[in-house]
Amino acid sequence: METEPVAGAVPKPPSFEEYPLTRQEYISALVHFYRGEMHRSQIWRTRLDTTTNWAVVTTAAMVSFAFGDPTHPHIILLLANLLITVFLFHEARRYRYFAVFRARVRMLEENFFLPILTRELISPIADWRARVAGDLDQPKFKTTLLQAIGFRLRRNYLWIFLIGLVAWVLKLFVHPTPAASLAEVYHRMSVGPVPAWVVLTGCLIFYGLISAALVACQRRGLPIDEIEGLESDLAHWNV
């Protein structure tokens, strides 16, 4: 039996879900959502620049120290690579978070703003709203850690490592006095009780691993660019 309403009782207001969503409210909500995701992507992009600056400053400081005095050991330039590698892994982690918000921004730009600007109200990805909603409910990284390392390595850190290598070789040639032969350069690679062949082998292994990482990431597919490319790879989007 239905209960008759009590006289004078205040009717219960309808819930949020019972209100129809108007076109203006929908557009306004998406615009604010876009601005929020753009802001978060910019924050993580700034953090990427910060980590790169740390690596550049560290390399510059080590090179300045090594060449500041002929008696300063050359091994400091190789040990700097270990610290720079830590920065690389730290920056790759930050890039994965940046890619999450960047992907959402690109999804909105491609499927919401692009049809509005072209006056052709057909989104390239038909179920983009469900994918964005699913990503908000269960966020997923859009790149693997290996892909992020390869991308940051190819864009920035490869050149930083090469600068360290060139500086190390140059240090061996000019300090403490200009080398007269390659044999003398090889002899200078020794550090205390560590023979030259150990230092050279460690250097070759390190830069060989960098080359292998680049090749492996290239085969698995690196991100095209930070701003280029549509969201065509939807494997990391929930529906």
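None of the values given here were measured: they were computed from a predicted structure. (Residues numbered from 1 in each chain as written. Predicted model: local features only at pLDDT ≥ 70, side-chain atom pairs only at ≥ 80, totals over all residues. Heavy atoms only, no water.)

### Brief notes about the nonpolar core
- Judged by nonpolar contacts, the single largest core of 35 residues is most densely connected at Tyr95, Leu153, Tyr157, Phe161, Trp168 and Ile210.
- At the level of elements, helix H1 (23-68), helix H2 (75-118), helix H4 (145-174) and helix H6 (196-220) are the ones that each hand at least two residues to this core.
- If one sorts the elements of this core by residue count, H2 sits on top with twelve residues.
- Residues Phe33, Tyr34, Phe112 and Val132 belong to the second largest nonpolar core, which totals ten residues. (Core = buried A, V, L, I, M, F, W, Y, C linked by side-chain atoms within 4.5 Å. Buried < 20%, exposed > 50% of the residue type's maximum accessible area, 1.4 Å probe, protein only. Helix = DSSP H or I, 4+ residues; strand = E, 2+ residues; numbered from the N terminus.)

### Topic: the pattern of salt bridges
- A full pass over the atoms with the stated rule returns ten salt bridges.
- Measuring nitrogen to oxygen at the nearest pair gives 2.8 Å for the salt bridge that ties Arg152 to Glu91. Remark: Glu91 occurs in helix H2 and Arg152 occurs in helix H4; sequence separation between them is 61 residues.
- By relative accessible area, Arg152 is classed as buried at 1%.
- Classification of Glu91 by relative accessible area gives buried; the value is 0%.
- Taken together, the shared-partner salt bridges connect Glu37, Arg40, Arg104, Asp135 and Lys142 into one network. (Salt bridge = Lys/Arg side-chain N within 4 Å of Asp/Glu carboxyl O.)

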